Amino acid sequence: MNERAVFVTRFGGVLAAVGSAVGLGNVWRFPYETGAHGGAAFLLVYLSCALLLGVPLLLGELALGYVSHKNPTGTYRSLAPGTKWHYLGYAGAVCMVLVVAFYSVVGGWTLCYAASSLMGNVPDFVEFSSGVWAPLAWMTLFFVVNAVILLGGVAKGIERASNFLMPLLFLMLVVLCVRSLLLPNAVEGLRFLFKPDFSKIDGSVVVSAMGQSFFSISVGIGCLLTYGSYLPRSAKIGKSALAIALLDTGIALLAGIIIFPACFAYGVQPDAGPGLAFITLPNVFLQMSGGMIWCFCFFLLLAVAAVTSSLSLLETPTAILQEEFGMGRRRAVIVASCLGWVLSVLCAMSFSPQWSEQLSFGGMIVFDIFDKLTANIIMPCSSFLMAVFIGWKLDKKVFADYGITHRADGTTKWYGSLFIMAMRFVAPLCIFLIFLSGLGLLDGFLK
Ligand code: PFF
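Read on for an overview of the structure. For clarity, every value in this text was computed on a predicted model and none was experimentally measured.

Describing empty space enclosed by the protein
To find the voids left in a structure, one rolls a probe of water-molecule size over its atoms.
Thought 1: Within the structure shown, the criterion is met by two cavities of 30 Å³ or more.
Thought 2: Counted as a void, the largest cavity has a volume near 130 Å³.
Thought 3: S20, V99, F215, S218 and L313 are the residues nearest the centre of the largest cavity, which is lined by 13 residues in total.
Thought 4: For the lining of the largest cavity, the per-class residue count stands at eight nonpolar, five polar and no charged.
Thought 5: The space that makes up the second largest cavity amounts to roughly 50 Å³.
Thought 6: Residue lining of the second largest cavity: P72, Y76, L88, G89, G220, I221, G222, L225, S382 and M386, and that is the complete set.
Thought 7: Among the secondary structure elements, those contributing two or more residues to the lining of the second largest cavity are α4 (72-79), α5 (86-118) and α16 (366-393).
Thought 8: Each residue belonging to the lining of the second largest cavity can be placed in one class, and the counts come to six nonpolar, four polar and no charged.

Printed below as a string of structure tokens:
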């Protein structure tokens, strides 16, 4: 009998992977990155990266987990024994802890906004985020929620939560979308989002758009590899990869269609930075009848989306601690969460005027450093290496035998050779070239 945790149903497993992909990256990070990088031009590059690079990489990552039924480190160890590839699994887990550190700060903001709207009054973003105790307390609560669900186990905790809450979030976004489109000046927002000004595309825009696309679909560092390893054998990996990428991208677009018209309707600058969603959205709600109820529902669902993503971020280091270091699940969850929490304190405090000087390096606060470093550098680098591994190192028979690239009768699936080409040439080359274009502008990586 297989003693590893598995998702009970194929549908539930895929939904959990969608839960990992859909989160603050779509509703919080996508609009503020799009706003900061000029709107439609950024969107165009983002969409190209998501479809051309994201989908095949997602397929490759899910497939690696699906064939090995192991955590990322164990996967590379079993597929390439006696090599150093398994360090890629460890590197991914370290990156996840860095992501969870800043992600949980925003998760905490979301919880606070949900709770405050229930009390009938939403905090001023700058005042709240630059405080000390409130952001710390909400961020800690966010970690506690994660740890409690993780201790419930994979099938019971993650799957149950995702099955129920993801469709609800989607519904709420559609309703809000309609609401935002009816605002005065909504057309300006749509123009910003959809009418590209190609002169805005430069190396830093391309690097950021690639980073955003990888961050948003959770690809490259092994989250989806771990989820792939929990999928039942009946899962359809190709279709799942496409569904995850399309749903994720669709939800980011919905968020954009909610936030940019609202920006233009209420005179908020689209490049307002990480606070954008938290400044814009309460404005939309306040003008609606029953606004606080809307606000509450929205931020609650956003918090849920954030939790389903942070669960995947914490699940992988937990699986590695369990399976590679022989820790019990409870201890592994606690160690991973505590590590994330300590770093999260630094991220949260870097917004506070009291600490921001000590917590800044090269003119950037720790929060931004973690954010840009993970999304724009580590995730693409790790994706590059994963593509090279699949394209050049892995025996092609493995993916053929497990029905990833071939059918049971031995014939190639329509995307079989395309996928291998993408792993061998397209993904590594594109990522490399995009990095070069970013380097050409020197500060391109971290803009
Ligand atoms: N994709 C998630 C989001 O869009 O919110 C964030 C995320 C999850 C990033 C898992 C990276 C990751 F490995």
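Some points on the site of the ligand
Thought 1: Close contacts around the ligand come from 16 residues, with A21, G25, Y103, F215 and S218 the closest.
Thought 2: Contacts to the ligand include A21, whose backbone N or O atom sits 2.8 Å from an oxygen atom.
Thought 3: One nitrogen or oxygen atom from the side chain of N26 is found 3.3 Å from an oxygen atom belonging to the ligand.
Thought 4: A majority-of-atoms criterion places the ligand in the largest cavity.
Thought 5: The residue makeup of the shell around the ligand, split by class, is eight nonpolar, eight polar and no charged.

Thoughts on the nonpolar core
Thought 1: Formed by 147 residues in total, the largest nonpolar core has its most connected members in W109, F298, F299 and F367.
Thought 2: If one sorts the elements of this core by residue count, α5 sits on top with 16 residues.
Thought 3: Excluding anything up to four places from it in sequence, F298 contacts V27, M172, L173, L176, L281 and F285.

Structural notes on the state of the cysteines
Put plainly, a disulfide is one covalent bond tying together the sulfur atoms of two cysteines.
Thought 1: This model, assessed by the stated rule, comprises zero disulfides.
Thought 2: Free cysteine C297: the closest other cysteine sulfur is in C295, separated by 9.4 Å.
Thought 3: With a relative accessible area of 31%, C297 lands in the partly exposed category.
Thought 4: Free of any disulfide, C381 has its nearest cysteine sulfur in C95, 10.0 Å distant.
Thought 5: The class of C381 is partly exposed, set by a relative accessible area of 34%.

Some words on helix α9 (residues 186-194)
Thought 1: Residues of α9 that are buried: A186, G189, F192 and L193. All buried residues of α9 project into a common sector of 120° when viewed along the axis, lining one side.

Regarding the pattern of salt bridges
Thought 1: If you walk through the whole model with that rule in mind, you get seven salt bridges.
Thought 2: R77 is the salt-bridge partner of E324, the closest N and O atoms lying 2.8 Å from each other. Of this pair, E324 sits in helix α14 (residues 291-325) while R77 sits in helix α4, and the two are 247 residues apart along the sequence.
Thought 3: Judged by its relative accessible area of 36%, R77 falls in the partly exposed class.
Thought 4: Across the pair R191 and E188 runs a salt bridge whose closest N-O atoms are separated by 2.9 Å. Of this pair, R191 and E188 both sit in helix α9, three residues apart, which is roughly one turn of the helix.
Thought 5: Residue R191 is classed as partly exposed on the basis of its relative accessible area of 41%.

Details of the layout of surface pockets
Thought 1: Taken as a whole, the largest pocket spans an internal volume of roughly 390 Å³.
Thought 2: Surrounding the largest pocket, 16 residues form its lining, V55, P56, W414, Y415 and L418 being those nearest its centre.
Thought 3: For the lining of the largest pocket, the secondary structure elements donating two or more residues are α3 (40-68), α12 (237-266) and α18 (416-440).
Thought 4: Taken together, the residues that form the lining of the largest pocket break down as 14 nonpolar, one polar and one charged.

Some thoughts on a nonpolar patch on the surface
Thought 1: Judged by side-chain polarity, F170, V174, V178, L182 and L247 come together as a nonpolar surface patch covering roughly 430 Å² of accessible area.
Thought 2: When residues in the nonpolar patch are grouped by element, the largest group, three residues, is from helix α8 (residues 154-181).
Thought 3: For V178, the position within the fold is in helix α8.
Thought 4: V178 gets classed as partly exposed once you look at its relative accessible area, which sits at 47%.

Observations concerning the side chain of D248
Thought 1: By the secondary structure assignment, D248 is in helix α12.
Thought 2: Polar side-chain contacts of D248 include one of 2.6 Å to the side chain of S216.
Thought 3: Look past the residues within four positions of D248 in its chain and what remains in contact with it is A21, V22, N26, Y46, S216 and I217.

About the cut-offs
Going along each chain's sequence as written, the residues are numbered from 1 onward. Owing to the predicted nature of the model, reporting of local features is limited to residues with pLDDT of at least 70; listing and counting of side-chain atom pairs is limited to 80 or more, with chain, interface and lining totals taken over all residues. Computation of side-chain values: all heavy atoms of the structure, hydrogens and water removed. Only protein atoms enter the calculation, which uses a 1 Å grid: trapped sets of points that fit a 1.4 Å probe without letting it out are cavities, open sets showing protein on both sides within 12 Å along at least five of seven lines are pockets, and any residue with an atom within 4 Å of a point is a lining residue. Grid points are joined across faces, edges and corners, and a volume is the space filled by probe spheres set on the points. Gly is placed with the polar residues, together with every amino acid not listed as nonpolar (Ala, Val, Leu, Ile, Met, Phe, Trp, Tyr, Cys and Pro) or charged (Asp, Glu, Lys and Arg). Counting from the N terminus, the helices are the DSSP runs of H or I reaching at least four residues and the strands are the DSSP runs of E reaching at least two. A molecule or strand has a residue near it when one of that residue's heavy atoms lies within 4 Å. For this analysis, a polar contact is any N or O atom pair within 3.5 Å, provided that within protein one partner can donate a hydrogen and the other can accept it, and provided that sequence-adjacent residues contribute only side-chain to side-chain pairs. By definition, a pocket or cavity contains a molecule when more than half of the molecule's atoms lie within 2 Å of the pocket's grid points. Only buried Ala, Val, Leu, Ile, Met, Phe, Trp, Tyr and Cys residues count toward a nonpolar core, and they belong to the same one when joined by side-chain atoms within 4.5 Å. Exposure classes here rest on a 1.4 Å probe applied to the protein chains alone. A residue is buried below 20% of its type maximum, exposed above 50%, and partly exposed in between. By definition, residues are in contact when any of their heavy atoms lie within 4.5 Å. Our working definition of a disulfide is a cysteine sulfur pair at a distance within 2.5 Å. Here the arc refers to the set of directions running from the helix axis out to each C-beta atom. Within this document, salt bridges are pairs made up of a side-chain nitrogen of Lys or Arg and a carboxyl oxygen of Asp or Glu, the two lying within 4 Å of each other. Surface patches are defined over residues having more than 30% relative accessible area and no salt bridge, joining like charges when they lie within 9 Å and nonpolar side chains (Val, Leu, Ile, Met, Phe, Trp, Tyr) when within 5 Å. Each accessible area value is a Shrake-Rupley result obtained with a 1.4 Å probe; residue values ignore everything except the protein chains displayed when judging cover.

The analysis is restricted to geometry; functional conclusions fall outside its scope.
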